[in-house]
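Listed below, chain by chain, are the residues.
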Amino acid sequence: MLPLKEKDKPVVQKLLAAGCCSRCVLRFCCTSVQAAFRQPEQETLKELQAFINNNEIVQDSPDSTEETKSHDASGSETRGDPPSKRAKLEHCASGDASKDGTVTVEMQEDEESHVCVACLGVLQEFCDVTRAIKIAAAVKAEQYEFDSLVLSVSLPPQLCVREHSCWLHVKKEVREKCMSLSEDDVIQVKEAFKWVMQGLIAKELGGVAVVTKSLFEVGVEFSHPETDSDCYFLASTCPNCFKPTKNKQSVFTRMAVVKALDKISDFAFLKHYPSPPARPSRHCVQQDVQCLHVSLFIAGRYNKFCRSLPQTPWVIDGQRRMESSVEELIAAPILVTFRADGFNFSSSGREDVDVRTLGNGRPFAMELLNPHRSRVSKVEMKQLQETINASSDKIRVRDLQIVTREATSRMKEGEEEKTKSYTALVWTHKAIQREDLSFMDDIKDLTLNQKTPLRVLHRRALAVRQRVIHSMSTRFVDAHHFYLGLKTQAGTYIKEFVHGDFGRTQPNMCELLKTDTDILELDVESVDVDWPPTVTD
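Residues numbered from 1 in each chain as written. Predicted model: local features only at pLDDT ≥ 70, side-chain atom pairs only at ≥ 80, totals over all residues. Heavy atoms only, no water.

Under an unreviewed UniProt entry, the name given to the protein is tRNA pseudouridine synthase Pus10, and the organism recorded is Takifugu rubripes.

### Some points on a nonpolar patch on the surface
A cluster of nonpolar side chains, Leu 454, Leu 457, Leu 462 and Phe 502, forms an exposed patch at the surface whose accessible area comes to about 460 Å². Locating Phe 502 in the fold gives a position in the loop between α15 (494-499) and β20 (505-506). Judged by its relative accessible area of 79%, Phe 502 is exposed. (Patch = residues over 30% accessible without salt bridge, like charges linked within 9 Å, V, L, I, M, F, W, Y side chains within 5 Å. Areas by Shrake-Rupley, 256 points an atom, 1.4 Å probe, with all protein chains shown as cover. Salt bridge = Lys/Arg side-chain N within 4 Å of Asp/Glu carboxyl O. Helix = DSSP H or I, 4+ residues; strand = E, 2+ residues; numbered from the N terminus. Buried < 20%, exposed > 50% of the residue type's maximum accessible area, 1.4 Å probe, protein only.)

### Quick look at the packing of helix α12 (residues 326-338) against helix α13 (residues 378-391)
Relative orientation of the contacting elements α12 and α13 amounts to 140°, with a least axis distance of 9 Å. Looking at the two axes, α12 sits oblique to α13. Where α12 crosses over α13, the handedness of that crossing is right-handed. Contacts between α12 and α13 pair Leu 329, Ile 330, Pro 333, Ile 334, Thr 337 and Phe 338 from the former with Met 381, Leu 384, Thr 387, Ile 388 and Ser 391 from the latter. When the residues that make up the contact of α12 with α13 are grouped by side-chain class, the tally is 8 nonpolar, 3 polar and no charged. (Axes fitted to C-alpha atoms, helices over the stretch in contact; angles between N-to-C directions. Parallel < 35°, antiparallel > 145°, perpendicular 65-115°, else oblique. Left-handed = near helix turned anticlockwise from the far one by under 90°. Contact = heavy atoms within 4.5 Å. Nonpolar A, V, L, I, M, F, W, Y, C, P; charged D, E, K, R; others polar.)

### What to know about the packing of aromatic side chains
Counted under the stated rule, the structure contains 12 aromatic pairs. With 5.6 Å between their ring centres and 75° between their planes, Phe 233 and Phe 269 make a pair best called edge-to-face. Of this pair, Phe 233 sits in helix α9 (residues 232-237) while Phe 269 sits in helix α11 (residues 266-272), placing them 36 residues apart in sequence. Residues Phe 233 and Phe 269 agree in their burial class; the two are buried. Their ring planes at 25° and their centres at 5.7 Å tell us that Phe 233 and Tyr 273 sit as a pair that is stacked. Residue Phe 233 is located in helix α9, and its partner Tyr 273 is located in the loop between α11 and β8 (285-286); the two are separated by 40 residues in the primary sequence. For Tyr 273, a relative accessible area of 7% translates into the label buried. Members of the aromatic cluster, each reached through a chain of ring pairs, are Phe 126, Phe 193 and Phe 222. (Phe/Tyr/Trp six-rings, centres within 6.5 Å; stacked < 30°, edge-to-face > 60°.)

### Remarks on the pattern of salt bridges
With the rule as written, the count across this model stands at 22 salt bridges. Measuring nitrogen to oxygen at the nearest pair gives 2.9 Å for the salt bridge that ties Asp 354 to Lys 495. Taken together, the positions of Asp 354 in the loop between β13 (342-347) and β14 (356-369) and Lys 495 in helix α15 put the pair 141 residues apart, joining distant regions of the chain. Asp 354 sits in the partly exposed class, given a relative accessible area of 34%. With a relative accessible area of 14%, Lys 495 lands in the buried category. Three or more residues are tied together by salt bridges with common partners; here these are Asp 352, Asp 354, Arg 455, Lys 495 and Glu 496.

### Concerning the environment of Leu 45
If you trace the backbone, Leu 45 turns up in helix α4 (residues 41-52). Sequence spacing of Leu 45 and Leu 16 is 29 residues, and the spatial spacing of their C-alpha atoms is 9.3 Å.

### Remarks on the nonpolar core
Counting 80 residues, the largest nonpolar core has Leu 123 and Phe 193 as its most contacted members. Apart from residues lying up to four places away in sequence, Phe 193 is in contact with Val 122, Leu 123, Phe 126, Cys 127, Leu 151, Val 153, Val 220 and Phe 222. If you look at the next biggest cluster of nonpolar residues, it comprises 32 residues, including Val 355, Ile 443, Leu 448 and Ile 469. (Core = buried A, V, L, I, M, F, W, Y, C linked by side-chain atoms within 4.5 Å.)

### Structural notes on α12
Over its 13 residues, α12 extends 19 Å from the first C-alpha to the last, a length consistent with the 18 Å expected when each residue adds 1.5 Å. Considering bend angle alone, the principal kink of α12 is centred on Ala 332 and spans about 30°; proline Pro 333 follows within four residues of it. Phi turns positive one or two residues past the end of α12, at Arg 339, with a value near 50°. (Expected span 1.5 Å × (residues − 1). Bend = angle between axes of the 7 residues up to and from the residue.)

### Quick notes on the environment of Leu 457
As for its position among the elements, Leu 457 is in the loop between β17 (444-451) and β18 (464-478). Classification of Leu 457 as partly exposed rests on a relative accessible area of 33%. Ignoring anything within four residues of it in the chain, the contact list for Leu 457 reads Thr 452, Leu 462 and Arg 504.

### Regarding the pairing of strand β9 (residues 290-293)
The alternating pattern of β9 places Cys 291 and His 293 on a buried face and Gln 290 and Leu 292 on a face that is not buried. Both strand β7 (residues 216-223) and β9 contribute to a ladder of 4 bridges, which runs antiparallel. In the sheet register, Gly 219 faces β9, and the bridge partner there is Gln 290. (Pairing = 2+ DSSP bridges.)

### Section: α4
With 12 residues, α4 ought to run about 16 Å at 1.5 Å a step, and its terminal C-alpha atoms sit 17 Å apart, in line with that. With 9 of its 12 residues buried, α4 lies for the most part within the structure. Of the residues trailing α4, Asn 54 is marked for its positive phi of about 55°.

And the structure:
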């Protein structure tokens, strides 16, 4: 039996007469018993007929003795193609009821559409085992790895308008019965759809849990072009609710429509839109099922041994300058392993194309977009690391591991407070001796004022940045060359400190040695970030 009360009868009658499907009738009666929505729609309609006829079940017409039920291989009941019939209230000529008080609700052959005026067929045509099988098949075809899923439903915004119209249609009955009921109490189409479909989809996917929060999402989207114009009148009555944005194809988003309906008065609404809504000629169209797994994050450290390898693809004026990059060499095997659609690469700073990164390497993190695989063992991760290292002698990675999104923020925390160590091969114009360099070993915490270097001025704002060189050390090579060791604050421009950048860095090595100097080679020796954790064998 349906969980309805006597006071619900006039509401049920009005909604059936208006062209609402049986599940939408339950929604507007605020039925929260999920089992009531899960039974076949035609059975629910029979019970509604019996309910409004004082619990006497009205017999089906001869043409409808065989309902649109079928059975799959497992014996589960499914709905077939709906008949071209609709529920219709036939009122007696003398009033709304016959002498014995019975209201006749019968299925009649009709040229009119049978599509529900409230849900546009979503709860009629798309809530059965057949649809669940199709959704499950689409998910299986994508070959994702998941333990649970969340079912998301996207509905056309005009459903909000139609639901509001239906609500106004029964509002008078609600008031006359002194029912403590508001429009917010009506069960949403999205919620009713999930009540019916979640269990069916879970069964077709082998019993996987369908939950409210999961890393894996299966999206079902509906559209109904025929009634797109249902929302248009709201743009003139509530113009402030509809503002164009870059990422939206239409201003009539679901949120914007809901906002406008909250503002518009009943009088203004009914002036522009019929109540109940007009019956559409066809039901909604279901778009392709969309599957999406939340991003997965891979972290590690990399060394770069080549002086002709950029960190990221080097493209100038649409032309690629180098055949590969650090991120591409690392990403290629990872993308294959996790079957991701794409990636975002980030690191703790970056080196120039002609700079090597030695020592324990530079921390990096990769966000894998929509990975189809999300779990690998420690052994598999180790094998993946070895695959990357074997693919090129230009780079090497270590400590490869899966991390959380939150953990990646540690790589960027206190960016300017970090320290980095470098070794530079310096050339001097004037001949020098070993003794000419000794004073630099005693310099501590030298503060630099660095204007944005000319070489990066095209992509960085002009500014003067203060950076600190914590310590320096020197190793004499010959009269015109020496190695300079530096421990600096992160973000220090080392090349500009050595050659001065036409005086844009003050002080600089030219001033300290009182001769022109230039940098021939530069290596990053260490990036002092205690992340990610070391992976032990």
